Amino acid sequence: MKTLKSVDPLKSIPCNECPAGNMHVRHITYFTWLGEELVTVPNFPAWVCDMCGKREYDQSAISWLSMLLNPEAGHPTRRVKRTRQPEPRKRNVPPPMLD
Ligand SMILES: [Zn+2]
């Protein structure tokens, strides 16, 4: 399993929403819909402004995630082929003796 690239927690970037804020890396829970399933990703790196609270997700983490969620992207996943086990045959019960 791949792990997220760690983001330098001390790094901050100026906020593009407000003039005074700085965005810092926070680890939040990221929510996304995959088809009809809600996927939650804990400890997802995001940039959060300390003034206005604007959130921006880390781009490399987003692309990592979309690769992970999209089965057609990236490398083929190794899947264990599941062969269906045939149902265990019931023992042939001899038919009841009829008098
Ligand atoms: Zn801001």
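Remember, predicted model here, so these are calculated numbers, not experimental data.

Caption draft 1: Just a nonpolar patch on the surface, in detail. Together, Phe 31, Trp 33 and Leu 38 give the surface a local cluster of nonpolar side chains, amounting to about 380 Å² of exposed area. Inspection of the secondary structure puts Phe 31 in strand β2 (residues 22–34).

Caption draft 2: Main features of the pairing of strand β3 (residues 37–49). Sheet topology note: the β2/β3 ladder contains 11 bridges and is antiparallel. By the bridge assignment, Met 23 is partnered in β3 with Cys 49. Remark: 2 residues form the turn of the hairpin made by β2 and β3, two consecutive strands paired antiparallel; Gly 35 in that turn has positive phi of roughly 65 degrees. When β3 meets strand β4 (residues 55–57), the two strands line up antiparallel, connected through 3 bridges. Following the sheet pairing, Val 48 is matched in β4 by Arg 55.

Caption draft 3: Geometry of the coordination of the zinc ion. The coordination sphere of the zinc ion contains the protein donors Cys 15 (SG), Cys 18 (SG), Cys 49 (SG) and Cys 52 (SG), at a distance range of 2.2 to 2.4 Å. For the zinc ion, the donor residues sit on a single chain with the sequence spacing C-x2-C-x30-C-x2-C. Residue classification places Cys 52 among the partly exposed positions, given a relative accessible area of 41%.

Caption draft 4: Fine view of the packing of aromatic side chains. Within the structure shown, the criterion is met by 3 aromatic pairs. Note on Tyr 30 and Phe 44: the rings are 4.6 Å apart at their centroids and 20 degrees apart in plane angle, and the pair reads as stacked. Within this pair, whereas Tyr 30 is found in strand β2, its partner Phe 44 is found in strand β3, the two being separated by 14 residues in sequence. Taking the relative accessible area as the measure of exposure, Phe 44 reaches 0% and is therefore buried. Ring geometry for Phe 44 and Tyr 57: centres 5.9 Å apart, planes at 75 degrees, overall edge-to-face. One end of the pair, Phe 44, is in strand β3; the other, Tyr 57, is in strand β4, with 13 residues separating them in the sequence. On the basis of relative accessible area, Tyr 57 is assigned to the partly exposed category, the value being 28%.

Caption draft 5: Representation of unusual backbone geometry in the model. Phi is positive for Asn 43, which is not a glycine, with a value near 55 degrees. By secondary structure assignment, the location of Asn 43 is in strand β3.

Basis of the calculations
Residues numbered from 1 in each chain as written. Predicted model: local features only at pLDDT ≥ 70, side-chain atom pairs only at ≥ 80, totals over all residues. Heavy atoms only, no water. Patch = residues over 30% accessible without salt bridge, like charges linked within 9 Å, V, L, I, M, F, W, Y side chains within 5 Å. Areas by Shrake-Rupley, 256 points an atom, 1.4 Å probe, with all protein chains shown as cover. Salt bridge = Lys/Arg side-chain N within 4 Å of Asp/Glu carboxyl O. Helix = DSSP H or I, 4+ residues; strand = E, 2+ residues; numbered from the N terminus. Pairing = 2+ DSSP bridges. Donors = N, O, S within 2.8 Å, 3.2 Å for Na, K, Ca; no water. Buried < 20%, exposed > 50% of the residue type's maximum accessible area, 1.4 Å probe, protein only. Phe/Tyr/Trp six-rings, centres within 6.5 Å; stacked < 30°, edge-to-face > 60°.

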